[in-house]
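# Structural overview for review
Spelled out from the first residue to the last, the chains are:
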Amino acid sequence: MVIKSVELEIVCGITSKIPDTDKAEIAFAGKSNVGKSSLINGLMNRKALARTSSQPGKTQTINYYNINNAMYLVDLPGYGYAKVSQKEKEKWGQMIENYLHTSKQLKAVFLLIDIRHEPSANDKQMYDWIVYQGYDPIIIATKLDKINRSQIQKHVKMLRTGLNVKPGTPIMPYSALTKQGRDEIWELMDSILGFSEEKNEEE
């Protein structure tokens, strides 16, 4: 997709009702230090639309980005941040569950996992949870530039096994530094949403 306009249009807090939108939604979930804001900025060709922070746990709301007035990219709260209270974690969990359960326009969920490490208990729980809500999560393996090229397939296999993903689940390596993987992620999103090649090439 050629990005012509991006706007942070809707922000949902703990007490907000999940909006009934009129556009297809693709959601992004991930642990609070996995590079979700960097990925979203990279996908939208913006430096600081989604706020990145050295302090994990920054996204505490559900943020809807309107792209080209054609779709919403939905940024879900980061999970698994150790320094917040259990009560706070449960609230974020409820928000994510509420969104997955309530949204009528949600077409796909991308789950971000750090390619360097075995999936954590939180990652596994989130994967199973998304599946339980009726979606097949697509895995984005972030921080690709932190490992050697020769290690990529080994680490992808580690994620596939660690999460016990369904056969055929895409695992897409991505680097926020080099933007490697960006085009592949957009191609997949475009195909999910039914945006044609011709539409993508329009300037």
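Read on for an overview of the structure. (Residues numbered from 1 in each chain as written. Predicted model: local features only at pLDDT ≥ 70, side-chain atom pairs only at ≥ 80, totals over all residues. Heavy atoms only, no water.)

## What about unusual backbone geometry?
Of note, Asn-45 is a non-glycine position whose phi angle comes to about 55°, a positive value. Here Asn-45 is to be found in the loop between helix H1 (36-43) and strand S3 (62-67). Even without glycine at this site, Asn-69 takes up a positive phi of about 55°. (Helix = DSSP H or I, 4+ residues; strand = E, 2+ residues; numbered from the N terminus.)

## Brief notes about helix H5 (residues 182-193)
Spanning twelve residues, H5 covers 17 Å between terminal C-alpha atoms, matching the ideal 16 Å at 1.5 Å per step. The set of residues buried in H5 consists of Arg-182, Ile-185, Trp-186, Met-189, Asp-190 and Leu-193. The buried side chains of H5 occupy one side of the element, clustering within an arc of 135° when seen end-on. Exposed side chains of H5 directed beyond 90 degrees from the buried face belong to Glu-187 and Ser-191. Trailing H5 by a residue or two, Gly-194 shows a phi angle of about 80°, which is positive. (Expected span 1.5 Å × (residues − 1). Buried < 20%, exposed > 50% of the residue type's maximum accessible area, 1.4 Å probe, protein only. Arc of directions from axis to C-beta.)

## Notes on the nonpolar core
Nonpolar side chains tend toward joint burial in soluble globular proteins. Formed by 36 residues in total, the largest nonpolar core has its most connected members in Ile-62, Tyr-64, Val-74, Leu-76, Tyr-99, Leu-111 and Ile-139. In contact with Val-74, other than residues within four places in its own chain, are Glu-25, Ile-26, Ala-27, Phe-28, Ile-62, Asn-63, Tyr-64 and Tyr-99. Residues Val-34, Leu-43, Met-71 and Trp-186 belong to the second largest nonpolar core, which totals 28 residues. (Core = buried A, V, L, I, M, F, W, Y, C linked by side-chain atoms within 4.5 Å. Contact = heavy atoms within 4.5 Å.)

## Some points on helix H4 (residues 152-163)
For H4, built from twelve residues, the straight-helix expectation of 16 Å at 1.5 Å per residue is met to within 8% by its first-to-last C-alpha distance of 17 Å. Taken as a whole, H4 has its buried residues at Ile-152, His-155, Val-156, Met-158, Leu-159, Gly-162 and Leu-163. What you see down the axis of H4 is that its buried residues fit within an arc of 155°, all on one side. Structural note: H4 exposes Gln-153, Lys-154, Lys-157 and Thr-161 on the side pointing more than 90 degrees away from its buried face. Turning to H4, the residues buried within the fold contact strand S5 (106-114), helix H3 (121-132), strand S6 (138-142) and strand S7 (171-173).

## Digging into the environment of Pro-77
By secondary structure assignment, the location of Pro-77 is in the loop between strand S4 (71-75) and helix H2 (86-102). Residue Pro-77 is classed as buried on the basis of its relative accessible area of 0%. A sequence separation of 64 residues divides Pro-77 from Gly-13, and the C-alpha atoms of the two residues are 9.8 Å apart.

## A closer look at the sheet that holds S5
Strands pair in a sheet through their backbones, by hydrogen bonds, and they do so in one of two ways: parallel or antiparallel. The strand order across the open sheet built from seven strands is S1-S3-S4-S2-S5-S6-S7, with neighbouring strands paired in mixed fashion. Across the chains shown, the open sheet's two edge strands, defined by having one partner strand only, are strand S1 (6-12) and S7. Across the sheet, the axes of successive neighbouring strands diverge by a mean angle of 25°, strand direction being ignored. Bridging between S6 and S7 involves three bridges; their strand directions are parallel. Its bridge partner lying in S7, Ile-140 is registered against Met-172. Strands in contact with H1 are strand S2 (24-30), S3, S4, S5 and S6; relative to S2, the strand with the most contacts, it is inclined by about 145°. (Pairing = 2+ DSSP bridges. Axes fitted to C-alpha atoms, helices over the stretch in contact; angles between N-to-C directions.)

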